[in-house]
Amino acid sequence: MQASTTCPYCGVGCGVTVDHDGNTIQHVEGDRDHPANFGRLCVKGSALHETLGHHGRLTRPRVDGVDVDWGTALDAVAERLAAVRATHGDESVAAYLSGQLLTEDYYVANKLFKGFFGTPHLDTNSRLCMASAVAGYKRAFGADAVPCSYEDLEDAELVVLVGSNLAWNHPVLYQRLRTAKTRNPLMRVVVIDPRVTDTCEIADLYLGLKPGSDARLFNGLLAWMADKKRLDHVYLDAHTQGLEGALAAAREDDTSIEAIAADCDVDPERLQTFYYWFASQLHVVTLYSQGVNQSSSGTDKSNAIINCHLAGGKIGLPGAGPFSITGQPNAMGGREVGGLANQLAAHMDYHTPGAIDRVTRFWSTDSLTPDLPQGPGYKAVELFEAIERGEIQALWIMATNPAVSLPDANRVRRALEKCPLVIVSECMADTDLLEYADIVLPASSWSEKNGTVTNSERRISRQRGILPPPGEARHDWWIMVEVAKRLGFGEAFAYAHPCQIFDEHARLSGFENEGEGFRLFDISGLAGLDRTAYDALSPIQWPVNASAPQGTARLFEDGRFATPDGRAKLIPVRPQGPAQTLSEARPLRLNTGRVRDQWHTMTRTGRAPRLMNHRAEPFIEVHPDDASSHGIGDQQLACLTSPNGEYRGRVRVSNSQRRGEVFVPMHWTDRFSGNARMGSLLEAHLDPVSGQPESKHGAVSLAPLDTDWEATLLVAGDLASDATWREEAVYWARIPLANCQRWQLAGGENEARDWLAWVQQRLPVAPTLWCDDPASGRLRAAGIDNGRLRWWLMVAPPAELPGLAWLDERFAEAQLGKDARRRLLAGCEAGEADSGPLVCSCHQVGQKAIVEAIRGGDTSVEALGARLACGTQCGSCIPELKSLIEEERSHARSEQKPEVVDVA
Ligand SMILES: Nc1nc2c(c(=O)[nH]1)N[C@H]1C(S)=C(S)[C@@H](COP(=O)(O)OP(=O)(O)OC[C@H]3O[C@@H](n4cnc5c(=O)[nH]c(N)nc54)[C@H](O)[C@@H]3O)O[C@H]1N2
Ligand SMILES: Nc1nc2c(c(=O)[nH]1)N[C@H]1C(S)=C(S)[C@@H](COP(=O)(O)OP(=O)(O)OC[C@H]3O[C@@H](n4cnc5c(=O)[nH]c(N)nc54)[C@H](O)[C@@H]3O)O[C@H]1N2
Ligand code: SF4
Ligand SMILES: [Mo]
């Protein structure tokens, strides 16, 4: 059977067509009719079915460590929440939500906590993600409204990507942009990022600016436009206010190109080229993401960008506008519902005139329940501080992992330990957060959940429930409804199906939505859908109402904004550097972000072996000069330290890093490595307007990790449940393979180890074969039990690894043949060396094979595709293929930075 749904990963919000039999999904492909992707999928999307399955799922509720039935669990939640409220007051209860919930889940949570528990303390991981973009839009436009559509990216003549690694993090949108650029050779792309990323592959101009200097760069642009008479005064006069103030603020700094270039540490000629391109094009889209938002002055940075668009009239037109790209699949839905601590509901803030009264009447909360909160609650980081102070006594966390993803994560863990009641709704059985939960509630997951999500271009799509949830997992909204009923709020939460929740959400968006109560977010046109119509809902962009029944592709086309006077505001911006300051003890700037094949804390993507192969271990990217001045070579283990914590990983020496800066992935948790949670390194410094923490600009020191040996242990999953080797290793990383687990280990004992005794003490299957070379400290050994390979150990640096794919397959063999046994220890003699890091995840092509093919004469992406099939499916690895070709061609990695190409 076929069904259509929406991908649960990034904010592109691709439509997915699935083949299923009602119990499993056999195949997924891009939905050709979905306007976000028109049939495309990236590697994460196309591996969706490989991350499903009941294995590893949370299937039973748990109270105080004991598995219980739902009745008991729900009673416990209701009773304990009621007790905390009775003793400590309404505001001692809080919720911490996620942009990975569906809109219907979000709506119920917002209504329950704010409307019926009377607490304003409901925030979300979107605080770490979109809060500054939201605040920037609100200051400029009077509403949190993304003006553009994806089509605008394709229609633009100039696309500026600021702090966005689109190629890896919004791959399908990147592919759309790439295709559009091929069709329109005049289109130019500028990338502004301290790192040379794969996104630079399509860049005509790259500005590798100093981290945190974006506001200075865009303030400089505003002043430059004014000086060169490139302001659109007709537009400014008719539709905006605040130019003088914004310009005056920009001119408080030296506005010469040389001074700006020096402050941003970019080449003055390149800077001037960018300014010239921006000023002379009307159809400009500036797409910005976490390099802008995750800053202690991210709101100002987004306004510095928006100012330039308003000043040039580059908005409300095809191919123009400041486009904040969303990260999570439904961060937008959460914003629409009002599921943030500073919002009340449905694009109404507490201070919106009449809002508290309006929402009170709509929810009919007055008779039974406490009054609605009268003002904003604690934002994410503040919320955990309030827990630490003992002010918040009960916290319900849904679909996020704050023990990993918040800055100063070790402090967050201490707060969670202290909190008397921690309730966690989660799909997976093994996450860092669950260690801190008093009550664990098993939630349904993608393919089971049923509801709506909104993508980056305001497009609402259905995520459809296709498979039954495993065991006793239940939908997030259902769990909350059951708790509400037990607390006496049954009437207000009498939902039997998500379509009823969506209907109420749609009605609230249109409720008294006129005059002073005007809100841009209005989907009243979708109210009243019955179940059939809801199930059949086609993707549609809000607003959807009487005047726009088919939805709205682009906002502000008439130059009217959602402010009281209808004018957009230019905001005076005074550039600030990062709040985490460098010092002699912490001389390196820490940048954090994403890798292509992993999703956040890897609870889902970490289950698909082929997604683990692109970057198999936690790593630290370091500039060659910094590596050598610290005495660290490529692929060595090293440690980053800050006063808050530590991070251990493998060094990747890379010219794409600036000198004095290091980059680490945000993905690794205690489930996958010993000490590689980047959140523990960061200090929590917040943007004063949005409350978003500065996750991109840490300050750390770097040192080689003191180890004497490295080993790779492949082991059958059932033998790895204790994994005692974890505790004794100085470094470990776990990597799931298809038929076994790979453990990468390193330790620091000086005396030569008796490795055979070592395995014997830790694994129930004794060594069957081994080959020991005490002189070099190297060993290879294997344990075979009843003809089955149970473990394989190599003590040697991982560079000596043979082909793991062959070894992994041997774990699946019921009876190892003689020949296979003989080849086990040789590994490499098996005629197949390790294929190196995986470049093409779709076709499983490793770096070594690609480099060989290039050396053999396949020196184009097409030729490589023809020979090895790499890059021929989702296309995400094309930038990497190109850079391998380039590397082989020049043999000089330092030539990687794109040159200025001025086609004008
Ligand atoms: N593969 C994958 N895709 C994802 C996700 C994932 O986990 N994995 N997560 C999704 C989510 S929730 C989000 S929010 C998005 C995030 O998408 P992005 O924002 O593209 O992701 P990041 O890698 O966090 O950061 C983007 C870039 O900001 C740069 N940067 C750092 N400091 C600065 C600075 O001061 N100025 C500028 N201009 N740039 C800077 C970094 O070098 C980095 O390349 O991705 C979404 N897509
Ligand atoms: N230093 C640094 N820190 C960062 C970032 C960074 O770039 N640098 N990025 C920040 C950003 S932008 C984001 S969005 C966050 C992401 O960080 P988190 O939100 O903490 O990460 P996830 O792994 O997405 O956590 C989601 C959890 O919910 C579970 N889950 C998935 N679906 C459901 C569901 O339907 N219901 C329930 N109940 N559970 C579900 C998953 O198994 C997983 O455990 O990290 C932020 N932290
Ligand atoms: S681009 Fe984003 S939404 Fe589309 S398939 Fe990839 S992860 Fe899913
Ligand atoms: Mo995000």
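Taking an unreviewed UniProt entry as the reference, the chain is identified by name as Nitrate reductase belonging to Litchfieldella anticariensis. A UniProt comment under Sequence similarities (unreviewed entry) is attached to the chain, and it reads "Belongs to the prokaryotic molybdopterin-containing oxidoreductase family. NasA/NapA/NarB subfamily."

A.B. asks: Would you take a moment to explain the state of the cysteines for this structure?
C.D. replies: In a disulfide, the sulfur atoms of two cysteines are covalently bonded to one another. Within this structure, the stated rule accounts for zero disulfides. The thiol of Cys842 is not disulfide-bonded; the next cysteine sulfur, from Cys874, is found 3.7 Å away. A residue is classified by how much of its surface remains accessible, and Cys842, at 16% relative accessible area, is buried. Here Cys870 is not cross-linked by a disulfide; its sulfur's nearest cysteine counterpart is in Cys840, at 5.9 Å.

A.B. asks: Looking at this structure, I do not really get the site of ligand 1. What am I missing?
C.D. replies: Ligand 1 sits among 35 residues. The nearest are Asp193, Gly212, Ser289, Arg594 and Gln598. Here a nitrogen atom of ligand 1 sits 3.2 Å away from a polar atom, N or O, in the side chain of Lys44. At 2.6 Å from an oxygen atom of ligand 1 is found a side-chain nitrogen or oxygen belonging to Ser289. Its residues assigned to classes, the shell around ligand 1 comprises ten nonpolar, 18 polar and seven charged.

A.B. asks: Which parts of the structure should I look at to understand the packing of helix 3 (residues 103-116) against helix 20 (residues 476-486)?
C.D. replies: Each pair of packed helices can be summarised by the angle the axes make with each other and by the distance between the axes. Two elements in contact, helix 3 and helix 20, have axes whose closest approach is 8 Å; the angle formed by their N-to-C orientations is 25°. Overall, the two elements helix 3 and helix 20 adopt an arrangement that is roughly parallel. Classified by chirality, the crossing of helix 20 by helix 3 is left-handed. Residues Glu104, Asp105, Val108, Ala109 and Leu112 of helix 3 form the contact with helix 20, whose own contacting residues are Asp476, Trp477, Met480, Val481 and Ala484. Classifying every residue of the contact of helix 3 with helix 20 by side-chain character gives seven nonpolar, no polar and three charged.

A.B. asks: How should I be thinking about the site of ligand 3 in this particular structure?
C.D. replies: Around ligand 3, the neighbouring residues are Cys7, Tyr9, Cys10, Gly13, Cys14, Leu41, Cys42, Lys44, Gly45, Pro171 and Val172. Mapped by element, the contributors of at least two residues to the shell around ligand 3 are helix 1 (43-46) and helix 7 (171-183). Grouping the constituent residues of the shell around ligand 3 by class yields eight nonpolar, two polar and one charged.

A.B. asks: What's the story with the nonpolar core in this structure? I'm lost.
C.D. replies: Where a protein is soluble and globular, its nonpolar side chains tend to be buried together. Counting 122 residues, the largest nonpolar core has Phe141, Ile192, Leu217, Phe218 and Phe274 as the members making the most contacts within it. A total of eight residues in this core trace back to one element, the largest contributor, which is helix 8 (residues 214-227). Excluding residues that lie within four positions of it along the chain, Leu217 makes contacts with Ile192, Leu207, Leu209, Ile260, Cys264, Leu271, Phe274 and Tyr275. Of all hydrophobic cores here, the second largest spans 53 residues; its members include Leu344, Tyr350, Ile356 and Ile439.

A.B. asks: I'm lost on the packing of aromatic side chains in this one. Help?
C.D. replies: For any pair of aromatic rings, geometry is given as the distance between the ring centres together with the angle between the planes. Enumeration over the complete set of coordinates arrives at 26 aromatic pairs. Relative to Phe323, the ring of Tyr150 has its centre 6.2 Å away and its plane inclined at 20°; by these criteria the two rings are stacked. Linking Tyr150 in helix 5 (residues 150-155) with Phe323 in strand 13 (residues 321-324), this pair joins segments that are 173 residues apart in sequence. An aromatic cluster is defined as three or more aromatic residues linked by ring pairs; in this entry it consists of Phe113, Phe116, Phe117, Trp396, Phe489, Phe493 and Tyr495.

A.B. asks: Help me understand the sheet that holds strand 19 (residues 451-454) in this model?
C.D. replies: The three strands are arranged 19-20-21 in an open sheet whose pairing can be described as antiparallel. Edge strands, defined here as strands with exactly one partner in the open sheet, are strand 19 and strand 21 (540-541). Here strand 20 (residues 459-463) pairs with strand 21 via two bridges, running antiparallel. Looking across to strand 21, one finds that Arg459 is bridged to Gln541.

A.B. asks: Is there a simple way to explain the pairing of strand 16 (residues 394-398) in this structure?
C.D. replies: Successive residues of a regular strand alternate their side chains across the two faces of the sheet. Counting buried residues along strand 16, five of its five residues qualify, which places the element largely inside the surrounding structure. On strand 16, burial covers both faces: Ala394, Trp396 and Met398 on one face and Leu395 and Ile397 on the other are all buried. Judged from the four bridges that link them, strand 6 (residues 93-97) and strand 16 form a sheet pairing that is parallel. Following the sheet pairing, Ala94 is matched in strand 16 by Leu395. Pairing geometry for strand 16 and strand 17 (residues 421-426), over five bridges, is parallel. Along strand 17, the bridge assignment pairs Trp396 with Ile423.

A.B. asks: I would appreciate a short explanation of the sheet that holds strand 29 (residues 709-715) in the present structure.
C.D. replies: Read from one edge of the open sheet, six strands run 30-31-29-34-33-32, paired in antiparallel fashion. Two strands close off the open sheet at either side, each with one partner strand: strand 30 (731-736) and strand 32 (769-773). Each neighbouring strand pair of the sheet contributes to a mean axis angle of 10°, computed without reference to strand direction. Sheet topology note: the strand 29/strand 31 (residues 741-747) ladder contains seven bridges and is antiparallel. Paired with Thr712 across the bridge in strand 31 is Gln744. Helix-sheet contacts for helix 26 (residues 755-762) involve strand 29, strand 31, strand 32, strand 33 (778-785) and strand 34 (788-795), and the interaxial angle to strand 34 is about 135°.

How each quantity is defined
- Residues numbered from 1 in each chain as written.
- Chains lettered and ligands numbered in written order.
- Predicted model: local features only at pLDDT ≥ 70, side-chain atom pairs only at ≥ 80, totals over all residues.
- Heavy atoms only, no water.
- UniProt positions renumbered as here; feature names shortened; annotations may be inferred.
- Disulfide = S-S within 2.5 Å.
- Buried < 20%, exposed > 50% of the residue type's maximum accessible area, 1.4 Å probe, protein only.
- Near = heavy atom within 4 Å.
- Polar contact = N/O pair within 3.5 Å; in protein donor to acceptor, adjacent residues only side chain to side chain.
- Nonpolar A, V, L, I, M, F, W, Y, C, P; charged D, E, K, R; others polar.
- Axes fitted to C-alpha atoms, helices over the stretch in contact; angles between N-to-C directions.
- Helix = DSSP H or I, 4+ residues; strand = E, 2+ residues; numbered from the N terminus.
- Parallel < 35°, antiparallel > 145°, perpendicular 65-115°, else oblique.
- Left-handed = near helix turned anticlockwise from the far one by under 90°.
- Contact = heavy atoms within 4.5 Å.
- Core = buried A, V, L, I, M, F, W, Y, C linked by side-chain atoms within 4.5 Å.
- Phe/Tyr/Trp six-rings, centres within 6.5 Å; stacked < 30°, edge-to-face > 60°.
- Pairing = 2+ DSSP bridges.

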